[in-house]
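Report on the structure
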Amino acid sequence: MAEITAAMVKELREKTDAPMMECKKALAEADGDMAKAEEILRVKLGNKASKAASRVAAEGVVAIDIDSSGKLGAIVEVNSETDFVAKNSDFVQFAKDLAKLVVTSKPADVQALSSLALGGSTVESTRTALVGKIGENISIRRFARVEAQGRLASYIHGGSKIGVLVDVVGGDIDLAKDVAMHIAASKPESLDSTGVPADLLDAERRIAIEKAREAGKPEAMLEKIAEGTVQKYLREVTLLGQVFVKADDGKQTVEQLLKANGAAVKDFVLYVVGKGIEKRQTDFAAEVAAMAAARA
């Protein structure tokens, strides 16, 4: 039996929002396997157990640039420590300059981008100078450069916190913009089922089977129930399977919308600022107490 430490319980609680004792029990049942313990909690507690995973903590902006042909574009995420700095005009302009530079210079990665020339200096020197001027750490997190088969459309939402770049073949520009807006609103994980990792589908299947078994469903029905759950999951996380946000009947999927307009989505990039980054949580009471103790 693996030793279940307080740190393990804390990590699982932060991932799932589940009660401390439930986390400890799940870890014990999973013999210390964090991923398995998370599955156990999802079976017991439902989707609440994955709520923490969707938290967006880091600050910053997403910037997009598309060239005059409409076929070449870039999307960049630049992070800051606070939302206050993310609204700074110099910070925002820096992000926009980077997006344009990615389009024109085709850097291979962030390191290559950082070494490119920008405004008589380099990107890295400009970043460092901006850090000194603003007094807060700034980092270039990621970028994507897209060469479209059709036309590129973009959408920026929430004060540049969400950015979308989508390649649409066929249809018109209004359709392409609507699809970009839908992606920002519904946040699909992939274009279709082929882009969903097999391990995620296996996890959904296992969880569905265990939940159905705990609910007393007959063993002969478990696989069918699991398959229905997986298909529902795919409709929720794939762009083509999602119900279009502006559908008049509330039923038309993005795939149906595209077919009706003789169009297809070839690719898309969705950036949500800070997704996957854990922001340091400040315990102000503890800090005040520590300061008081130090002075004493």
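Residues numbered from 1 in each chain as written. Predicted model: local features only at pLDDT ≥ 70, side-chain atom pairs only at ≥ 80, totals over all residues. Heavy atoms only, no water.

1. Some remarks on the overall build of the protein chain
Definition in use: Secondary structure counts use DSSP, requiring at least four H or I residues in a row for a helix and at least two E residues in a row for a strand, with both numbered from the N terminus. Residue burial is assigned from relative accessible area. The probe radius is 1.4 Å, only protein chains are included, and a residue is buried under 20% of its type maximum, exposed over 50%, and partly exposed in between. When checking whether two residues touch, look at their non-hydrogen atoms; a contact exists if any pair is within 4.5 Å. The protein chains shown are the only cover counted for residues, whose accessible areas, like all others here, come from Shrake-Rupley with a 1.4 Å probe.
Within the protein chain, the regular secondary structure consists of 12 helices and eight strands. Counting over 296 residues, the protein chain shows a buried share of 39%. Contacts in the protein chain between residues at least 24 apart in sequence constitute 64% of all its contacts with a sequence separation of at least 6. Accessible surface, the protein chain as shown: approximately 16,300 Å² in total, 53% of it carbon and sulfur.

2. Observations regarding the nonpolar core
Here is the rule: Buried Ala, Val, Leu, Ile, Met, Phe, Trp, Tyr and Cys residues that are joined via side-chain atoms within 4.5 Å together make up what is termed a nonpolar core.
Val166, Val179, Ile183, Leu239, Leu258 and Val265 are the most contacted members of the largest nonpolar core, which has 24 residues in total. Secondary-structure elements contributing two or more residues to this core are β7 (162–169), α8 (173–186), α11 (254–260) and β8 (264–272). A total of six residues in this core trace back to one element, the largest contributor, which is α8. Those residues in contact with Ile183 that sit more than four places away from it in its chain are Val164, Val166, Pro188, Leu239, Phe268 and Leu270.

3. Points about the packing of aromatic side chains
Basically, it comes down to this: In this scheme Phe, Tyr and Trp rings, the latter by its six-membered ring, pair at centre separations within 6.5 Å, and the angle between planes marks the pair as stacked below 30 degrees, edge-to-face above 60, and tilted otherwise. For a lysine, the NZ atom is tested; for an arginine, the CZ atom; a charge sits over a ring if that atom is within 6 Å of the ring centre and within 35 degrees of the ring normal.
By the definition in use, this model includes zero aromatic pairs. In this structure, Arg142 packs its charged tip against the face of Tyr271, placed 4.0 Å from the ring centre.

4. Examining α8
Note the threshold: Expected span of a helix: the number of residues minus one, times 1.5 Å. Polar contact is the term for a pair of N or O atoms within 3.5 Å; when the atoms are in protein, one must be able to donate a hydrogen and the other to accept it, and sequence-neighboring residues count only if both atoms are side-chain atoms.
For α8, built from 14 residues, the straight-helix expectation of 20 Å at 1.5 Å per residue is met to within 8% by its first-to-last C-alpha distance of 20 Å. Of the positions making up α8, those classed as buried are Leu175, Ala176, Val179, Ala180, His182, Ile183 and Ala184. Each element contacted by the buried residues of α8 is listed here: β6 (151–157), β7, α11 and β8. Between the side-chain oxygen of the N-cap and the backbone nitrogen of Asp174 there are 3.3 Å, and the N-cap of α8 in question is Asp172. Of the residues trailing α8, Lys187 is marked for its positive phi of about 50°.

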